[in-house]
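One letter stands for each residue in the lines below.
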Amino acid sequence: MDVCVILTYRCNSKCSMCYVWQNPTKVNDEISLDTLRKIPSGIDYLNLTGGEPTLRQDLMEIVDLLYPKAMTLEISSNGLHAERLEPIIEKYPSIKIRFSLEGCEATNEKIRGEKDGYKKKIQGLLRLKELGGKDLGISMVIQDDNAEEAVELFRFAKKHDFEFATSTLHNGFQFHKSDNVPYNRLKIVKHMGDLITEMLKGFNIKNWFRAYLNLGLMAKVLGHERMLKCSAATDFAFIDPWGDVYACNVRPSMKVGNLEHKSWNEVWNDADLEAIREKVSNCTHNCWMVGSAKTAMRHPKYVKIPKAGPLLWVIYNKLKIMLGGNVNFKRYINYENVYKDKHVIRRQYFLNKTVKRKLRAKNEPHYQNFGKFFNK
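The notes below deal with the structure included here.

What counts, and at which threshold
Residues numbered from 1 in each chain as written. Predicted model: local features only at pLDDT ≥ 70, side-chain atom pairs only at ≥ 80, totals over all residues. Heavy atoms only, no water. Pairing = 2+ DSSP bridges. Helix = DSSP H or I, 4+ residues; strand = E, 2+ residues; numbered from the N terminus. Axes fitted to C-alpha atoms, helices over the stretch in contact; angles between N-to-C directions. Contact = heavy atoms within 4.5 Å. Buried < 20%, exposed > 50% of the residue type's maximum accessible area, 1.4 Å probe, protein only. Core = buried A, V, L, I, M, F, W, Y, C linked by side-chain atoms within 4.5 Å.

## Things to note about the sheet that holds strand E3 (residues 70–77)
Turning to step 1, where the next piece is worked out: If you trace the 9 strands from one edge of the open sheet to the other, you get E6-E5-E4-E3-E2-E1-E7-E8-E9, paired in mixed fashion. Two strands lie at the open edges of the sheet, namely strand E6 (163–168) and strand E9 (255–258), each paired on one side alone. Between one strand axis and the next, the sheet turns by 25° as a mean value, whatever way the strands run.
Turning to step 2, where the next piece is worked out: As paired elements, strand E2 (residues 43–49) and E3 share 5 bridges and run parallel to each other.

Next comes the structure, spelled out in structure tokens:
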């Protein structure tokens, strides 16, 4: 099972596709070590995210506590304070670190509202590599503003032996955003196809399966149904900064329980959990994020082995590339079937802008400002 812990909603980026930074948590309200201690051992994959996790002053203590509980522990960071990760890497060199980077310097600063963010991230990754980091990488949210830079950024990552993860625009409570819509779905998908081909050319097996994950992103961007069924509330769960446990990070109605007030077994064996799993099975949100995609791709029992469908796709298309052929995307993706958005709201950019932030307290209702929203 995978678990993602949102340690804080405080963030020092100002992204156009995520408004978590406008809705920070109060420091004293954020999930405590005592609550985190309730997470059981034997987790397949445990991701520490935010907001920005390096803003937690007790991040090292959190890692000390959770590192032994998981097969893989990841810290998903914006990379603006890489120096705070240095002692963690020195102690746990195999920990997985991913820095969010949205393209070249100008593109990254525009999308993420980060002055000199690109330089800080690259310098930080190189420094962590010097310190012995073994699983360092870049995460990119592919969208209209940066899709044409995806292949270039992948090549940069490959050159420096960094891993390269991708996602695309989504709406959900974790992002405090409900109006993320692509402007030109076909344009984005074209560049994703180029990225898939580039990933299949190399010899990194992880990239071959990331190519399949990106095929799922292509389907998502075009508004098609998920390629594989979602397994939220069965194979993965999200814990927010107040200790509330959710089936996923999209729908606030999928709350399972609260880890501050109950044990893990009480939360995960709650009588309402089966009803939530039924909601998941009937969910029509077209999500395809790393958390929900990779759990759907892997074997339900042997988590290091992929399911037959993704495995056969990878073998077939890798062989085609090796033999000088090309991926026949039309075999998997219907380019004629493009979802037509009724309302497209242009995303705002916040570089060098001051925006009033609304502190969110533990004792107030959470995620009430969305109304109806959808991922398509």
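## Points about the environment of Phe156
Turning to step 1, where the next piece is worked out: Among the secondary structure elements, Phe156 is positioned in helix H6 (residues 150–159).
Turning to step 2, where the next piece is worked out: Between the C-alpha atoms of Phe156 and Ile75, which are 81 residues apart in sequence, the distance is 21 Å.
Turning to step 3, where the next piece is worked out: Here Phe156 is in contact with Tyr118, Ile122 and Ile138, once residues within four sequence places are set aside.

## Some thoughts on unusual backbone geometry
Turning to step 1, where the next piece is worked out: Each neighbour pair has its own omega, and for Gly50 with Gly51 the value is 20°, a cis peptide bond.
Turning to step 2, where the next piece is worked out: With respect to the helices, strands and loops of the structure, Gly51 is situated in the loop between E2 and helix H2 (59–66).
Turning to step 3, where the next piece is worked out: You will see that Ala233, though not glycine, has its phi angle at about 70°, which is positive.
Turning to step 4, where the next piece is worked out: In this fold, Ala233 is placed in the loop between helix H8 (205–222) and strand E7 (236–239).
Turning to step 5, where the next piece is worked out: For Ala233, a relative accessible area of 0% gives the class buried.

## Notes on the nonpolar core
Turning to step 1, where the next piece is worked out: With 113 residues, the main nonpolar core has Val5, Leu46 and Leu48 as its most contacted residues.
Turning to step 2, where the next piece is worked out: With 11 residues, the top contributor of residues to this core is H8.
Turning to step 3, where the next piece is worked out: Here Val5 is in contact with Ile31, Leu36, Ile39, Leu46, Asn47, Leu48, Thr49 and Ile239, once residues within four sequence places are set aside.

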